[in-house]
Amino acid sequence: MSGAEKPQERLDEFAQIARLYRPLTRGAPEALNLLDDAAVIPQRPGFDLVVTKDAMVEGVHFPEGEAADLVARKLLRVNLSDLAAMGAEAYGYFLATAWPEAAGPAERAAFAEGLRIDGEAFDLRLLGGDTVSTRGPRVFSLTLLGWTPAGRAVLRSGARPGDLVMVSGPIGDGWLGLQAVLGEVADPHGDLKRAYRLPDPRLDLVEALREGASAAADVSDGLIADAGHIAAASGVALRLDLERTPLSEAGRSWLAAQPDRDRGLVQLATGGDDYELVLTAAPDRAARLGLPVIGVVEAGAGVHAQVEGRPVETGQGGWRHP
C-alpha cells in the first residue's frame, strides 16, 4: 500500500476486551483476567463497601467530538469525586461503553489510554464491564467501588442547625470552562478548559472529612443544587453568603466584567461541573478543617442564598435532567 496509510484493524468486542481493557486490570485477581462475566470481590473486615455510578452521554455531558482520552479521564474523575464526598478510598471500577459505528480503532484505543493514565495516577483497576454498539451518540458508564471504615461514611443527612457550610475550593470554573470550550469565554492560559475537562477530585480531604464533616456532597450539578441535596437529606436549611464563595483568578476576572455582580455570583454558584466539595461541620471542627466558610445551617428547609445580606433568586439552583 505504497503512498497510503494502512487501514487500522477493526476489533470485535472480545478482541477489544483483550487488547484495550485487560491491561487496565493491572493484574487484579478480582477481575479474573476479564474472562468471566462477573468479578469476585473479597470482603475487607472492618470496612464498608461504597459504590457509585455515573454515566456520560455525548452532547449532554460532554461536547460532540470531544477527544476520547479526555472523556475517559473525566469519567473516572467524576466518580472519584463522589467517593471523596463520602470519605471513601477508591478501589476499582466496572465500565460500560456504547460506541457508534463511526468510532474507529484509534478512538477506542485513545479512550483506553485515558483510562490507563488516570487509572495509574489514582491507583485504580478495571474489574469488569461490557462494550456494545449503538446507533446513537457515544455513551459511557462507570461504576466505582471504594472502602470506608465501617460506619464512618460521610452522608448528606448529618447536617445540624448551627453547623457551618464550607466549600473545598474555587466555584464556577467548571461552568466557565464549558463556556471556554464552546468559545464563549476567553481562556488565554487554558486553565478553565482544564478545570472542565479534567477536574481534580478532592481525595486529599477524605480522612479530614471522616474526622470533621457532618455532611458533604460534591459540586457536580451546581453549588446551590448540591447544597440543596444536603438540606433535603438532613431536614434543615442552608443559608449561603455568595459573596464569600471562593473564586479562582479567572473566576474573579470574569465576575468583575459582569454588569450585574449579584447575577454573576448566582451563575457561578449554579453552573456545576466543579467537583469541589460542599460540606457542613460543627464550628469547632470547621476551624480544624480550615476550609472557606460560606454559610450556616439553620432550622427550616431548602437553600437561602444572599449577597451582602440581600436575598437573590437562584432558580432551580443548577443542572437537572428532564
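Residues numbered from 1 in each chain as written. Predicted model: local features only at pLDDT ≥ 70, side-chain atom pairs only at ≥ 80, totals over all residues. Heavy atoms only, no water.

## Examining the sheet that holds strand β6 (residues 215-218)
Selection criterion: A pair of strands is considered paired only if DSSP assigns at least 2 bridges between the two. A run of DSSP states H or I qualifies as a helix once it reaches four residues; a run of E qualifies as a strand once it reaches two. Both are numbered from the N-terminal end. We call two residues contacting when some pair of their heavy atoms lies within 4.5 Å. Interaxial angle, 0 to 180 degrees, is taken between N-to-C directions of lines fitted to C-alpha atoms, where a helix line uses only the stretch in contact.
An order of β6-β8-β5-β9-β7-β10-β11 is seen for the 7 strands of this open sheet, with the pairing classed as mixed. Both outer strands of the open sheet, β6 and β11 (310-311), are each paired with one neighbouring strand and no more. Bridge count for β6 against strand β8 (residues 277-281) is 4 bridges, and the pairing is antiparallel. Among the inter-strand pairings, A215 is bridged to a residue of β8, identified as T280. Set on the sheet, helix α2 (residues 68-85) makes contact with β6 and β8; between it and β6 the angle comes to about 175 degrees.

## Examining the packing of helix α1 (residues 13-21) against helix α3 (residues 105-121)
The relative placement of two packed helices comes down to the angle between their axes together with the axis-to-axis distance. Spelled out, the test is: The cut-offs work like this: below 35 degrees is roughly parallel, past 145 is roughly antiparallel, 65 to 115 is roughly perpendicular, and the gaps in between are oblique. A clockwise turn of the near helix away from the far one marks a right-handed crossing, whereas an anticlockwise turn of less than a right angle marks a left-handed crossing. Amino acids outside the nonpolar list (Ala, Val, Leu, Ile, Met, Phe, Trp, Tyr, Cys, Pro) and the charged list (Asp, Glu, Lys, Arg) are all regarded as polar, and Gly is one of them.
One way to put it is that α1 packs onto α3 with a least axis distance of 10 Å and a crossing angle of 40 degrees. The angle between α1 and α3 places the two elements in the oblique class. Where α1 crosses over α3, the two elements pack in a sense that is right-handed. Residue-level inspection shows Q16, L20 and Y21 of α1 in contact with α3, the latter providing R108, A109, F111, A112 and L115. When its residues are assigned to classes, the contact of α1 with α3 shows 6 nonpolar, 1 polar and 1 charged.

## A word on the pattern of salt bridges
The following threshold applies: Should a side-chain nitrogen of Lys or Arg be within 4 Å of a carboxyl oxygen of Asp or Glu, the pair is scored as a salt bridge. Relative accessibility thresholds used throughout: buried, under 20% of the residue-type maximum; exposed, over 50%; partly exposed, between the two (1.4 Å probe, protein chains only).
Overall, the coordinates contain 20 salt bridges when judged by the stated rule. A salt bridge links R138 to E58, with the nearest nitrogen and oxygen atoms 2.9 Å apart. One end of the pair, R138, is in the loop between β3 (126-134) and β4 (139-149); the other, E58, is in the loop between β1 (47-57) and α2, with 80 residues separating them in the sequence. R138 sits in the buried class, given a relative accessible area of 3%.

## Digging into the side chain of R77
Quick note on the threshold: In the analysis that follows, any N or O atom pair within 3.5 Å is treated as a polar contact, provided that within protein one partner can donate a hydrogen and the other can accept it, and provided that, for residues neighboring in sequence, both atoms belong to side chains.
Within the fold, R77 resides in helix α2. Separated by 3.1 Å, the side chain of R77 and the backbone oxygen of P199 make a polar contact. Not counting residues within four places of it along the chain, the set of residues in contact with R77 comprises D118, F122, R194, L198, P199, D200 and P201.

## Focus: α2
Basically, it comes down to this: A helix is expected to span 1.5 Å for every residue after the first.
A rise of 1.5 Å per residue sets the reference length of α2, with its 18 residues, at 26 Å; its end C-alpha atoms lie 26 Å apart and thus fit the reference within 8%. Among the 18 residues that make up α2, 17 are buried, leaving the element largely enclosed by the rest of the structure. Following α2 by one or two positions, G87 has its phi on the positive side, about 70 degrees.

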